[in-house]
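# Analysis of the macromolecular model
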Amino acid sequence: MTATRRRWSLRRRLTVSMAIVLVAALAVANVITYSSLRSFLYGRLDDQIDGAQLKAYNFLAIRLPEIVAHRHHPSGLRFVRSQLEDVVSPDIYLLVINRSGQVIVDQPSGSVSNPDPRPLVPASLRPTPFPRSHHYGALAGAYHSEANAADVGSIGRSGVQYRESAVDVPQGVLITAASLDSTTKTLASLLRIQIIASLLVLGVLVGIVLFELRRGLRPLETMAETTDAIATGDLARRVSVGRTSSEIDRLGHALNDMLGRIEGAFSEKTASEERLRQFVADASHELRTPLTSIRGYTELLRKGAFSDEASRERALQRVEREAARMGMLVSDLLLLARLDQGRPLESVPVDLARVAADAVSDAHAVDPGRRIVLATEGPVVVVGDRDRLNQVAHNLVRNALEHTPPGTPVTVSADSDGERGILRVADEGPGLSSEAAAKAFDRFWRDHPARTGGGSGLGLSIVRAIAEALGGTATMRPTPGQGATFEVAIPLVSGRGGPPGVPDASRRAVRPERVAT
């Protein structure tokens, strides 16, 4: 049962449901129509019987006793039949049965040459003392069969059916009957017409339903095929939708939007996993180099490969440098990991001009012979983490010092564009190509030997991660053969200057053209 239910498609279930609803609706309509027409025909036939019964009753119960009392005419049965023929329609069958149960008057309906067979008179038929006064019609309410009326057969095997009614008369019981042949044929014809018409209407409606369901469900089938293709790995597939505002088109648009987001998230996840694998591989490689040196020197020291104290001292210094290098690399990796986790940084007013000035001072101490220009026009106060912004400035300046030939001028500036404070470090070295500039902020990336120098390849990655964590950006403008310019933009506190609560030390003015040589 469950397997059969699962095999039924939505189209089949909807078709069967619509067919059941249509059959039920047609059946109800046919029953109401048939019942209404049957009530109308029987009511009209009862009215015809009641009219004939009243006329016959008036003659037998009122006029005939008066005629007999005055002896205007003989009171024989022939006279009674001739009078009843003039009073009652020939479509009505009249019987008068005396108290002994004998038929004393038998006036058949139909023609003289072909009279109708006599109707049966069941014992259950109870005559009323007076003729019925019920009239069926629009103002008389619904049709209800009278208690003294019944449907009966006929004597013999003719199969003729009658509708008859009984009433007491002085001569006995008056039986008034009318043939049901016309009514029965009309109802049988109506039933045939209803069956044929219902089958035709049902076939046409089912065909229309099938056509509309096929056309309406085709987009859903397309969506199912698309989702199946996507499940197999084709994330670029999309559902074709129309331009209407129907539910299916809206579903198609929503599905396409969802698929686009899923594809983007999957692509981002794949790229992130690839970056993570590359990051782990690069980190392992960078850590392996100092570890190899440390292990090699320690093994040599353990085996006594160095004969004099000076050699052993140099080996220990090399081990110390490699350990310090590895420690810095681990610190950088931990910082990047914390920034990747979205840990919030400190948000306080920081003067980028002071940050730039400190970076220039430190760079002058490291490389006294380098021409380093500091260009500022006053305080540029941003919202950020003072220590991390100092690290950004030092990383950018150190990157310029390490990856440009000795003596190459470097310019460090701090200004604003009205909404953001911009820390800019520009050098006049060989510069970077467009392809290299696109990878400048990638982790562990190093350019070709034209930009000389060592380093772990994490400095610019840390710069970008800190800038983004503070709600800013880090960009690079390559000018091949003319140097490179790195810019870090951080949102300002308010305007160009600092707010009233900014400490004086961070708002101290710096000379516009300070040159460190």
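## Thoughts on the overall build of the protein
Within the protein one finds ten helices and 13 strands. With 517 residues in all, the protein has 35% of them scored as buried. A separation threshold of at least 6 residues defines the contact pool for the protein, and within that pool the share at least 24 residues apart is 68%.

## What about the sheet that holds strand β3 (residues 149-152)?
Pairing in this open sheet of five strands is antiparallel, and the strands run β2-β1-β5-β4-β3 from one edge to the other. Either end of the sheet is taken by a strand with one partner, and the two such strands are β2 (103-107) and β3. Averaged over all pairs of adjacent strands, the angle between their axes in this sheet comes to 20 degrees, without regard to strand direction. Alignment of strand β1 (residues 92-97) against β2, held across four bridges, turns out to be antiparallel. Counterpart to Leu95 in the pairing with β2 is Asp106.

## Considerations on the packing of helix α6 (residues 309-340) against helix α10 (residues 459-469)
Relative to each other, α6 and α10 sit at 30 degrees, their axes nearing to 10 Å. In this view, α6 runs roughly parallel relative to α10, as classed from their interaxial angle. Crossing angle aside, the handedness with which α6 passes α10 is left-handed. The residues of α10 that touch α6, namely those facing Asp332, Leu335, Leu336 and Leu339, are Ser461, Ile462, Ala465, Ile466 and Ala469. In terms of residue class, the contact of α6 with α10 is built from seven nonpolar, one polar and one charged.

## Structural notes on α10
Considered for burial, the residues of α10 that qualify are Leu460, Ser461, Ile462, Val463, Ala465, Ile466 and Ala467. Gly471 sits one or two residues past α10 and shows a positive phi near 80 degrees.

## Considerations on the nonpolar core
Leu396, Val412, Ile466 and Val488 are the most contacted members of the largest nonpolar core, which totals 52 residues. Ranked by residue count, the leading element in this core is helix α7 (residues 352-366), at eight residues. Not counting chain neighbours up to four residues away, the residues in contact with Val488 comprise Val392, Leu396, Gly421, Ile422, Leu423, Val463, Ala467, Thr473 and Ala474. Judged by nonpolar contacts, the second largest core, of 22 residues, contains Tyr42, Leu84, Val88 and Leu180.

## Quick notes on the confidence of the model for the protein
When pLDDT is averaged along the protein, the result is 78, and 82% of the positions lie at 70 or above. With pLDDT under 50 throughout, residues 495-517 is counted as low confidence; its partners more than four residues away or in other chains account for 53 contacts.

## Focus on α7
Its 15 residues give α7 an end-to-end C-alpha distance of 21 Å, which sits within 8% of 21 Å, the value for a rise of 1.5 Å per residue. Three or more residues of α7 are buried, namely Leu352, Ala353, Arg354, Val355, Ala356, Ala357, Ala359, Val360 and Ala363. Structurally, the start of α7 carries an N-cap: the backbone nitrogen of Ala353 is 3.0 Å from a side-chain oxygen of Asp351.

## Structural notes on the pattern of salt bridges
When the charged atoms of two side chains with opposite charge come close together, those side chains can pair. A complete count under the given rule lists twelve salt bridges for this structure. Note that Arg163 and Asp151 form a salt bridge whose closest N and O atoms lie 2.9 Å from each other. Taken together, the residues Arg163 in strand β4 (residues 162-169) and Asp151 in strand β3 connect sequence positions twelve residues apart. The class of Asp151 is partly exposed, set by a relative accessible area of 36%. Here Arg215 makes a salt bridge to Glu212, at a shortest N to O gap of 2.8 Å. In this pair, Arg215 and Glu212 both sit in helix α4 (residues 181-231), three residues apart, roughly one turn of the helix.

## Comments concerning the packing of α7 against helix α8 (residues 386-402)
Two quantities define a packed helix pair, namely the angle between the axes and the distance from one axis to the other. Two elements in contact, α7 and α8, have axes whose closest approach is 9 Å; the angle formed by their N-to-C orientations is 40 degrees. For the element pair α7 / α8, the angle class is oblique. The interaxial crossing formed by α7 with α8 has right-handed handedness. For the pair formed by α7 and α8, the contact residues are Leu352, Val355, Asp358, Ala359, Asp362 and Ala363 on the first element and Leu389, Asn390, Ala393, His394, Val397 and Leu401 on the second. When the residues that make up the contact of α7 with α8 are grouped by side-chain class, the tally is eight nonpolar, two polar and two charged.

## Section: the environment of Ala440
Considering the arrangement of structural elements, one finds Ala440 in the loop between α9 (434-438) and α10. Classification of Ala440 by relative accessible area gives buried; the value is 3%. Through-space distance from the C-alpha of Ala440 to that of Ser461 is 8.2 Å; in sequence the pair is 21 residues apart.

## Focus on the packing of aromatic side chains
Within the structure shown, the criterion is met by one aromatic pair. For the pair Tyr93 and Tyr162, a centre-to-centre distance of 6.1 Å together with 75 degrees between the ring planes defines the contact as edge-to-face. Remark: Tyr162 occurs in strand β4 and Tyr93 occurs in strand β1; sequence separation between them is 69 residues. As far as burial versus exposure is concerned, Tyr93 and Tyr162 are alike and both buried. Across from the ring centre of Tyr42, 4.3 Å away, lies the NZ or CZ of Arg38, which sits over that ring.

## Considerations on a nonpolar patch on the surface
A surface patch of nonpolar side chains, about 300 Å² in accessible area, is lined by Val201, Val204, Leu205 and Ile208. Tracing the sequence through the fold places Leu205 in helix α4. You can call Leu205 partly exposed: its relative accessible area is 30%.

## Focus: the pairing of strand β10 (residues 420-427)
On any regular strand, side chains alternate: one points to one face of the sheet, the next to the other face. Counting buried residues along β10, seven of its eight residues qualify, which places the element largely inside the surrounding structure. As paired strands, strand β9 (residues 410-416) and β10 are joined by seven bridges and run antiparallel to one another. The partner of Ala414 across the bridge, within β10, is Leu423. If you look at the hairpin formed by β9 and β10, you'll find three residues sitting between the two strands, and Gly418 has a positive phi there, around 100 degrees. The pairing of β10 with strand β12 (residues 484-491) spans seven bridges and is classified as antiparallel.

About the criteria used
Residues numbered from 1 in each chain as written. Predicted model: local features only at pLDDT ≥ 70, side-chain atom pairs only at ≥ 80, totals over all residues. Heavy atoms only, no water. Helix = DSSP H or I, 4+ residues; strand = E, 2+ residues; numbered from the N terminus. Buried < 20%, exposed > 50% of the residue type's maximum accessible area, 1.4 Å probe, protein only. Contact = heavy atoms within 4.5 Å. Pairing = 2+ DSSP bridges. Axes fitted to C-alpha atoms, helices over the stretch in contact; angles between N-to-C directions. Parallel < 35°, antiparallel > 145°, perpendicular 65-115°, else oblique. Left-handed = near helix turned anticlockwise from the far one by under 90°. Nonpolar A, V, L, I, M, F, W, Y, C, P; charged D, E, K, R; others polar. Core = buried A, V, L, I, M, F, W, Y, C linked by side-chain atoms within 4.5 Å. pLDDT = per-residue confidence, 0-100. Expected span 1.5 Å × (residues − 1). Polar contact = N/O pair within 3.5 Å; in protein donor to acceptor, adjacent residues only side chain to side chain. Salt bridge = Lys/Arg side-chain N within 4 Å of Asp/Glu carboxyl O. Phe/Tyr/Trp six-rings, centres within 6.5 Å; stacked < 30°, edge-to-face > 60°. Lys NZ or Arg CZ within 6 Å of the ring centre and 35° of its normal. Patch = residues over 30% accessible without salt bridge, like charges linked within 9 Å, V, L, I, M, F, W, Y side chains within 5 Å. Areas by Shrake-Rupley, 256 points an atom, 1.4 Å probe, with all protein chains shown as cover.

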